[in-house]
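Structural overview for review
Take a look at the letters that make up each chain.
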Amino acid sequence: MRKKERAALIVEALKEHYPASCSLVARKDYELLFATRLSAQCTDARVNVVTKELFSRWDSLEAIAGADLSELMEVVKPCGLYRVKAMDIQKCAQALLENHGGKVPDTMEELLKLPGVGRKTANLILGDLFGKPAIVADTHCIRISGRLGLTKSKDPYQVEMDLKKLIAPADQNDTCHRFVHFGRDICTARSPKCTACFLLDICPQGQGK
C-alpha cells in the first residue's frame, strides 16, 4: 500500500472515532497562543488549570504586558520552565500590542517573530484560529505518524513536511487534533493497545508485533 493511500484510510478512520477538538481551553486568540506556549513539556490538563487563573487575574493583553513578572512566574510555575515561559508570554503580549494592534497575526512568518513561538505553536494557531492547512508536529503526531509508516523521521520539521505531502490540506489540522486523542486513548507512548486498535490492519509497526 502506498503511503498516500494509507494516509487517506487513517484520516477517514480517525474521523469516525475522534473529534477534531483542541484540548486547550481558550476564549480569545491570544489565550490560545499563550496556552500553547505553556503546553511545552506539560499536559494540557495542567495548562488549563493554570490558564484559568492566569486569564482571570490578568484579563487583557495590556494587563499581561504590564504584569509584575515575578507574579506571572508564580502563576505559571506548575507548567514547568516557568521563568522562560512567563517572560515569553509577557514579551509576546507586548509585541502583539506594539506590532499587531493587539491581534494574533495570521501568517507563519509573523508568528515566528513572536517571542517563544516555534513552528508547532504557529501551526496550531494557523489551523485553529484561521482555518489554514497546518500540521502540528507534536509528540503524539511524531510518534503516531512514525508507527503508521507515514514518516521515517522524528524531526518535527521533517515530519511536518512529510505529512503535508500525504494529507489533504483541508484535513491536516483536524487530523493532528485526532492524533492527540488517538495517542492518549490507544497509541500511547508506552504499551500501545495494538490489539484493540482500529488501525491495526494498516499499521506496519502493529503488524510487526
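For clarity, every value in this text was computed on a predicted model and none was experimentally measured. (Residues numbered from 1 in each chain as written. Predicted model: local features only at pLDDT ≥ 70, side-chain atom pairs only at ≥ 80, totals over all residues. Heavy atoms only, no water.)

**Focus: the overall build of the protein chain**
Selection rule: Labels follow the DSSP assignment, with helices taken as runs of H or I lasting at least four residues and strands as runs of E lasting at least two, numbered in each case from the N terminus. The globule rule used for comparison is 2.2 Å times the number of residues to the exponent 0.38, while the radius of gyration itself is calculated over C-alpha atoms. Burial classes follow relative accessibility: with a 1.4 Å probe on protein chains only, a residue under 20% of its type's maximum area counts as buried, one over 50% as exposed, and anything between as partly exposed. Contact definition: two residues touch when any of their heavy atoms are within 4.5 Å. Values of accessible area rely on a 1.4 Å probe in the Shrake-Rupley scheme; residue burial ignores everything except the protein chains shown. Counted as positive: Lys and Arg. Counted as negative: Asp and Glu, with His and the chain ends omitted from the count. Lysine's charge is taken at NZ, arginine's at CZ, aspartate's at CG and glutamate's at CD.
A tally of regular secondary structure across the protein chain gives twelve helices and zero strands. Element order for the protein chain, N to C, with α for helix and β for strand: α-α-α-α-α-α-α-α-α-α-α-α. Relative to the globule expectation of 17 Å for 209 residues, the C-alpha radius of gyration of the protein chain, 18 Å, shows essentially globular dimensions. Along the longest, intermediate and shortest principal axes, the C-alpha atoms of the protein chain span 55 × 30 × 25 Å. A total of 209 residues make up the protein chain; the buried ones form 50% of that total. In the protein chain, once contacts between residues fewer than 6 apart in sequence are set aside, the share between residues at least 24 apart is 60%. Accessible area of the protein chain: about 10,500 Å², with a carbon and sulfur share of 52%. The centroid of the 31 positive side-chain charges in the protein chain is displaced by 7 Å from the centroid of its 26 negative side-chain charges.

**Regarding the packing of aromatic side chains**
For clarity, the threshold we go by: For this analysis, a ring pair means two rings from Phe, Tyr or Trp (six-membered ring only for Trp) whose centres lie within 6.5 Å, classed as stacked if their planes differ by under 30 degrees, edge-to-face if by over 60, and tilted for the remaining angles.
Scanning the model with the defined rule gives five aromatic pairs in all. Ring plane angle 45° and centroid distance 6.0 Å describe the contact between Tyr 18 and Phe 198, whose orientation is recorded as tilted. Here the residue Tyr 18 occupies a position in the loop between helix H1 (3–17) and helix H2 (29–38), and Phe 198 occupies one in the loop between helix H11 (169–185) and helix H12 (204–207), the gap between them amounting to 180 residues. When the centroid spacing of 5.7 Å and the interplanar angle of 55° are considered together, the rings of Tyr 30 and Phe 34 count as tilted. Of this pair, Tyr 30 and Phe 34 both sit in helix H2, separated by four residues, roughly a single helical turn. For Phe 34, a relative accessible area of 1% corresponds to the buried category.

The analysis is restricted to geometry; functional conclusions fall outside its scope.
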